[in-house]
Amino acid sequence: MSDLDLLTQSLARNVKHWRAERGFTLEALATRAGVSRGMLIQIEQARTNPSVGTVVKIADALGVSITTLLDYESGPSVRIVPPDQAVRLWSTERGSYSTLLAGTEAPGPLEMWKWHLMPGDGSASDPHPAGTIELIHVAQGTLTLVVDGTDHPVPTGHSASFEANAPHTYRNDGTEPVEMTMAISVPFER
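Residues numbered from 1 in each chain as written. Predicted model: local features only at pLDDT ≥ 70, side-chain atom pairs only at ≥ 80, totals over all residues. Heavy atoms only, no water.

A.B. asks: Looking at this structure, I do not really get the confidence of the model for the chain. What am I missing?
C.D. replies: Low-pLDDT stretches of the model should not have their predicted coordinates read in fine detail. Considering every residue of the chain, the mean pLDDT works out to 86; 89% of them sit at 70 or more. When pLDDT is averaged over each element of the chain, strand β9 (residues 168–171) comes out on top at 96 and strand β2 (residues 97–105) at the bottom at 74. (pLDDT = per-residue confidence, 0-100. Helix = DSSP H or I, 4+ residues; strand = E, 2+ residues; numbered from the N terminus.)

Written out as structure tokens, the structure reads:
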């Protein structure tokens, strides 16, 4: 079985589990996540490989991390994630990518990401639920962080934090790759 097949089956199992745990019908989860009921059915039956944006919307609606939705199995309280098991969820033909390094439910989803943005690339994000905080540290290059339409340059060695309940974009307007680490904390509301 390929890694993609494992992820698709894990996503199906975990969406079903967390939807039941939260007491959501397919319709309720579809409305909360802003995705179609048909898409949720396909995901829960492991018949589709949804976009990263769709997985993020479902995770936000369930109040769990992407790591939890893609987790192959529940593990011990200490979880070591080798580099070859980190999940690359976004990439471009130019060589930009983001990798989910680790995540947990504490008490809401908390995720740590590694991003690599090539010159001229960017990635836009829909607003997350109110109370979501993102922390960013730029190790190389200058990141253009756009929050609610305003550009914020974040050069090498600098860090930034912001409330992520507004549209936001990570962009590389420079001539060298941007390397950054990002942590996202999403509150859970029952």
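Moving on from the model shown.
A.B. asks: Can you walk me through the packing of aromatic side chains in this structure?
C.D. replies: In this description, an aromatic ring pair is defined by two values, namely the gap between the centres and the angle between the planes. Tallying each qualifying case throughout the model produces two aromatic pairs. Here Trp90 and Trp115 contribute two aromatic rings whose centre-to-centre distance is 5.2 Å and whose plane-to-plane angle is 40°, an arrangement assigned as tilted. Here the residue Trp90 occupies a position in strand β1 (residues 87–91), and Trp115 occupies one in strand β3 (residues 109–117), the gap between them amounting to 25 residues. Each member of the pair, Trp90 as well as Trp115, is classed as buried. Both rings, one in Trp115 and one in Tyr170, keep their centres 5.0 Å apart while their planes meet at 50°; by these two values the pair is tilted. Note that Trp115 is positioned in strand β3 and Tyr170 in strand β9, a separation of 55 residues in sequence. Using a relative accessible area of 6% as the deciding quantity, one classes Trp115 as buried. One aromatic cluster in this structure is built from Trp90, Trp115 and Tyr170. The positively charged end of Arg88 is found above the aromatic ring belonging to Tyr97, 3.6 Å away from the centroid. (Phe/Tyr/Trp six-rings, centres within 6.5 Å; stacked < 30°, edge-to-face > 60°. Buried < 20%, exposed > 50% of the residue type's maximum accessible area, 1.4 Å probe, protein only. Lys NZ or Arg CZ within 6 Å of the ring centre and 35° of its normal.)

A.B. asks: Just checking my understanding: could you explain the sheet that holds strand β4 (residues 122–125) for this structure?
C.D. replies: Sheet strands associate in pairs through backbone hydrogen bonding, adopting either a parallel or an antiparallel arrangement. Pairing is antiparallel across the open sheet formed by four strands, whose spatial order is β4-β9-β6-β7. Either end of the sheet is taken by a strand with one partner, and the two such strands are β4 and β7 (150–154). For this sheet, the mean inter-axis angle between neighbouring strands, taken without regard to orientation, is 15°. With four bridges joining them, strand β6 (residues 143–147) and β9 adopt antiparallel strand pairing. Considered in β9, the bridge of Leu145 is made with Tyr170. (Pairing = 2+ DSSP bridges. Axes fitted to C-alpha atoms, helices over the stretch in contact; angles between N-to-C directions.)

A.B. asks: Explain the nonpolar core here, please?
C.D. replies: For soluble globular proteins, the rule of thumb is that nonpolar side chains tend to be buried together. With 42 residues, the main nonpolar core has Ile58, Leu69, Ile136, Leu143, Leu145 and Tyr170 as its most contacted residues. Among the elements that line this core, the one with the most residues is helix α4 (residues 52–62), at five residues. Once you skip the residues sitting within four places of it in the chain, Ile136 turns out to touch Leu143, Leu145, His158, Ser159, Ala160, Phe162, Tyr170, Met180, Thr181 and Met182. (Core = buried A, V, L, I, M, F, W, Y, C linked by side-chain atoms within 4.5 Å. Contact = heavy atoms within 4.5 Å.)

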